[in-house]
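Commentary on secondary and tertiary structure
If you want the building blocks of each chain, they are given just below.
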Amino acid sequence: MNILKVSGKINKHKVFVYALSTCVWCKLTKQFLKDNDIQYEFVDVDLADEKDKDKIHETIQNMGGMLSYPTIIVDDKVVINGFRKDKLTEVLEI
Amino acid sequence: MIALDQVRRRAEADAKTYGYYLTPQPELLQGFLEGLKTNEDRYGYPLCPCRLASGVYDYDRDIICPCDYRDPDVAQYGACYCRLYVNKEVFESKNLPEVPERRPLEKQQRAYGTQAPAAKQAMPQGGQEKPSETQSPTSQAEKPQSTVKKKLWYCKQCGYVVYREDPPYICPICKAKKEVFAEIESTVEFRG
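Residues numbered from 1 in each chain as written. Chains lettered and ligands numbered in written order. Predicted model: local features only at pLDDT ≥ 70, side-chain atom pairs only at ≥ 80, totals over all residues.

1. As for the overall build of chain B
Each helix and strand in chain B was counted, giving 7 helices and 5 strands. When the helices and strands of chain B are read in sequence order from the N terminus, they spell out α-β-α-α-α-β-α-α-α-β-β-β. Looking at the 192 residues of chain B, the share that counts as buried comes to 37%. (Helix = DSSP H or I, 4+ residues; strand = E, 2+ residues; numbered from the N terminus. Buried ≥ 20, exposed ≤ 12 C-beta atoms within 10 Å, placed from the backbone.)

2. Focus on the environment of P97(B)
Residue and element names in this part refer to chain B. Relative to the elements of secondary structure, P97 occurs in the loop between α5 (88-93) and α6 (105-108). Overall, the presence of 15 C-beta atoms within 10 Å leaves P97 in the partly exposed class. Put simply, P97 and V86 are 11 residues apart on the chain and 9.5 Å apart in space, counted from C-alpha to C-alpha. Setting aside its immediate chain neighbours within four residues, P97 contacts Y77, G78, A79 and V90. (Contact = placed C-beta atoms within 7 Å.)

3. Quick word on the confidence of the model for chain B
All names here are of chain B. In this model, chain B carries an average pLDDT of 87, and 83% of its residues clear a pLDDT of 70 or more. For residues 120-130, every residue scores under 50 in pLDDT, and the model assigns this stretch 18 contacts once sequence neighbours within four places are set aside. Scored below 50 in pLDDT, residues 132-143 makes 14 contacts in the model with residues more than four places away or belonging to other chains. This prediction of the complex comes with two scores: 0.83 for pTM and 0.93 for ipTM. (pLDDT = per-residue confidence, 0-100.)

4. Observations regarding helix α2 (residues 50-62) of chain A
Residue and element names in this part refer to chain A. In this model α2 runs 18 Å from its N-terminal to its C-terminal C-alpha over 13 residues, within 8% of the 18 Å that 1.5 Å per residue would give. Burial in α2 covers these residues: K53, H57 and I60. Viewed end-on, α2 has its buried residues packed into an arc of 75°, placing them on one side of the element. Away from its buried face, by an angle of more than 90 degrees, α2 presents the exposed residues K51, E58 and N62. Tucked inside the fold, the buried residues of α2 contact β2 (15-19) and β4 (71-74). G64 occupies a position one or two residues after α2 and carries a positive phi of about 85°. (Expected span 1.5 Å × (residues − 1). Arc of directions from axis to C-beta.)

5. What about the interface of chain B and chain A?
With 16 residues of chain B at the contact, the number on the chain A side is 17 residues. Take the side of chain B that touches chain A: its biggest share by element is 6 residues, from helix α2 (residues 26-43) of chain B. Residue composition of the side of chain B that touches chain A, by class: 7 nonpolar, 7 polar and 2 charged. (Nonpolar A, V, L, I, M, F, W, Y, C, P; charged D, E, K, R; others polar.)

6. Some remarks on the pairing of strand β5 (residues 78-81) of chain A
Residue and element names in this part refer to chain A. In this sheet, β5 lies alongside β4 in antiparallel orientation, the contact comprising 4 bridges. Note on β5: the bridge partner recorded for T71 is N81. Linking two consecutive strands that pair antiparallel, namely β4 and β5, is a turn of 3 residues; a positive phi of about 55° is found at D75 within it. (Pairing = 2+ DSSP bridges.)

7. With respect to the domain arrangement of chain B
Segmenting chain B into domains produces domain 1 (4-93) and domain 2 (151-183). Using only C-alpha atoms to locate each centre, domain 1 of chain B and domain 2 of chain B end up separated by 22 Å. (Domains from an automatic or database assignment.)

8. Looking at the sheet that holds strand β5 (residues 181-183) of chain B
Residue and element names in this part refer to chain B. Strand order in this open sheet of 3 strands is β4-β3-β5, and the pairing throughout is antiparallel. Looking at strand neighbours, the two that pair on one side only are β4 (161-164) and β5, the edges of this open sheet. Recorded for the sheet is a direction-independent mean angle of 30° between the axes of neighbouring strands. Pairing of strand β3 (residues 151-155) with β5, which is carried by 3 bridges, proceeds in the antiparallel orientation. Residue pairing in the sheet places W153 in a bridge with E183 of β5. (Axes fitted to C-alpha atoms, helices over the stretch in contact; angles between N-to-C directions.)

9. A short note on the sheet that holds β5(A)
All names here are of chain A. Strand order in this open sheet of 5 strands is β1-β3-β2-β4-β5, and the pairing throughout is mixed. Two strands in the sheet have a free side with no partner beyond their single neighbour: β1 (4-6) and β5. Each strand of the sheet is rotated relative to its neighbour by a mean of 20°, with strand direction disregarded. Alignment of β2 against β4, held across 4 bridges, turns out to be antiparallel. Counted as the bridge partner of F16 is I73 from β4.

This is the structure:
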């Protein structure tokens, strides 16, 4: 799976973003994390191969998330669906 | 390749026809239009930039922009799922609402490999597929097979007829609700 890592000074939480390369809200989420110097990893699901899409589907559903994008998973337990500044700010203690 | 300007003009014309507005924030609008263009170049149809495609036309047809869910979403929330199309109130206030996904989970899952094995196995990476009419589950032809069962539906109010999986949420002609649609039962008789 083509997981990309974006460095940031703040790395106290493990942040993973499931995104679409065509999605404006996904881009805004990435930008928001970057602007706040948060370290995160992401995968653009629309560019993933079929096997990886299957894995992503399973992972998101097992976490109790919805199959919508962006889906942000923090510390392998907190799921945020959509670009929600309020939730990101709270969970990531920005 | 479709020109970005053509994508913009098409969205503007569609908004005008249906009495909607395009999102009031220019940078968001630009992003939506670029996403639509990318998807049209990639799949051959302007798939919703905010949703995952299967690449199989029959599985994706409900999320080709303007998607099946736009009209009920704008009616209920003031904006479509992406927030590309908004109503006058949202356009003027510039406050974009949160719009939950209305697309049923079973349809969302079709974008993932295991949910559509027959179609996926035969699909070349990044390939562009034409709508498939055949339903045979045993066929291992080169073209992907969709398992979608299409039916004829008619609007009891205005007579509009569609051939697709489900009736539309809102009749595009007379704006009647989904419940007004009925299936056209057809039978074939052989004689002699």
